[in-house]
Amino acid sequence: MTSQCEGPTLLRFDRIERFAHWINSALFALLMLTALPLYFVQVEALVGRRALVAEIHTWTGILLPVPLLISLGGSWGARLRADVRQFNLWTRDELRWLRSFGRIHINEMGKFNPGQKLNALFIGSSIVVMFGTGFMLRWFNFFPLSWRTGATFVHDALAAAIVVVVAGHISLALGHREALKSMFTGRISEEWASTHARRWLADEKGARSGK
């Protein structure tokens, strides 16, 4: 594993992509922290001010999609939109990887590996579902009881799944330091790309030679 970028580098994430990632990460962290006193009596006893915590949790959830939507809009979001399109494009090898639950090796990897694509799709869809169910729980008077009961179950179950996925994401990121560093600096070495994202490296070099 390379600890720093040496030699030629590639732009992996521009400023808008890094902004969207870190702002959403901060908002997710705040949501999880404010959820603890709402779910666990012991934590509530330590923190207190349940009503204030609930308000912060609610409005953080409402704010969560905003930075991402802003980042996707306009000319500034071109690279982010291209990345989002990649999450819905799967090669045959990647589908085989999916069916094998990650047991097979893929030689020609794109910018994102199948695990990263699944993580992005899960987080993106979770934002939509948590926004909708959270809205029902906060403004419950507008919805029938059966909807509110279902929304409570989905919101709680998905919240637990998000904690597990985020913990796994952080653990994997800490184990791949150069890839993590690129989310701060935006750039990554061609040596790393030749090992971990060979197809993306070939596409980038092809795009350069075509200019």
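The shown structure was predicted, so the numbers you read here are calculated from the model rather than taken from an experiment.

Caption draft 1: Focus on the overall build of the protein. Helix and strand counts for the protein stand at 11 helices and 2 strands. The secondary structure elements of the protein, listed N-terminal to C-terminal, are β-α-α-α-α-α-α-α-α-α-β-α-α. Along the three orthogonal principal directions, the C-alpha set of the protein runs to about 60 × 35 × 35 Å. Across the 211 residues of the protein, 30% fall into the buried class. Here the protein displays about 13000 Å² of accessible surface, and carbon together with sulfur accounts for 67% of that area. Positive and negative side-chain charges in the protein, numbering 24 and 15 respectively, have mean positions lying 3 Å apart.

Caption draft 2: Spotlight on the packing of aromatic side chains. All chains considered together, the criterion is met by 7 aromatic pairs. On the basis of an interplanar angle of 40 degrees and a centroid distance of 4.8 Å, the ring pair of phenylalanine 135 and tryptophan 139 is categorised as tilted. With a relative accessible area of 36%, phenylalanine 135 lands in the partly exposed category. We classify tryptophan 139 as partly exposed; its relative accessible area is 23%.

Caption draft 3: Highlighting the nonpolar core. Judged by nonpolar contacts, Leu27, Phe28, Leu31, Leu64, Ile123, Ile127, Met130, Leu158, Ala159, Ile162 and Val166 together constitute the single largest core of 11 residues. Contributing elements (two or more residues each) for this core: helix H1 (15-39), helix H7 (114-138) and helix H8 (145-174). It is H8 that contributes the most residues to this core, 4 residues altogether. Residues contacting leucine 31, with those up to four places away along its chain left out, are His57, Thr60, Gly61 and Leu64. One finds Ala179, Ala197, Trp200 and Leu201 within the second-largest nonpolar core, a separate group that totals 8 residues.

Caption draft 4: Structural detail: the packing of helix H6 (residues 92-99) against H7. Relative orientation of the contacting elements H6 and H7 amounts to 75 degrees, with a least axis distance of 10 Å. It follows from the interaxial angle that H6 and H7 lie roughly perpendicular. Of H7, the residues touching H6 (which contributes Glu94, Trp97 and Leu98) are Pro114, Gly115, Lys117 and Leu118. Residue composition of the contact of H6 with H7, by class: 4 nonpolar, 1 polar and 2 charged.

Caption draft 5: Geometry of the packing of H1 against helix H3 (residues 50-63). Two elements in contact, H1 and H3, have axes separated by 9 Å at closest approach and are oriented at 150 degrees. Here H3 runs roughly antiparallel to H1, going by the angle between their axes. Considering the relative orientation of H1 and H3, their crossing is left-handed. Seen from H1, the contacting residues are Leu27, Leu30, Leu31, Thr34, Ala35, Pro37 and Leu38; seen from H3, they are Arg50, Val53, Ala54, Ile56, His57, Thr60, Gly61 and Leu63.

Rules used in this analysis
Residues numbered from 1 in each chain as written. Predicted model: local features only at pLDDT ≥ 70, side-chain atom pairs only at ≥ 80, totals over all residues. Heavy atoms only, no water. Helix = DSSP H or I, 4+ residues; strand = E, 2+ residues; numbered from the N terminus. Buried < 20%, exposed > 50% of the residue type's maximum accessible area, 1.4 Å probe, protein only. Areas by Shrake-Rupley, 256 points an atom, 1.4 Å probe, with all protein chains shown as cover. Lys, Arg positive; Asp, Glu negative; His and termini not counted. Charge placed at Lys NZ, Arg CZ, Asp CG, Glu CD. Phe/Tyr/Trp six-rings, centres within 6.5 Å; stacked < 30°, edge-to-face > 60°. Core = buried A, V, L, I, M, F, W, Y, C linked by side-chain atoms within 4.5 Å. Contact = heavy atoms within 4.5 Å. Axes fitted to C-alpha atoms, helices over the stretch in contact; angles between N-to-C directions. Parallel < 35°, antiparallel > 145°, perpendicular 65-115°, else oblique. Nonpolar A, V, L, I, M, F, W, Y, C, P; charged D, E, K, R; others polar. Left-handed = near helix turned anticlockwise from the far one by under 90°.

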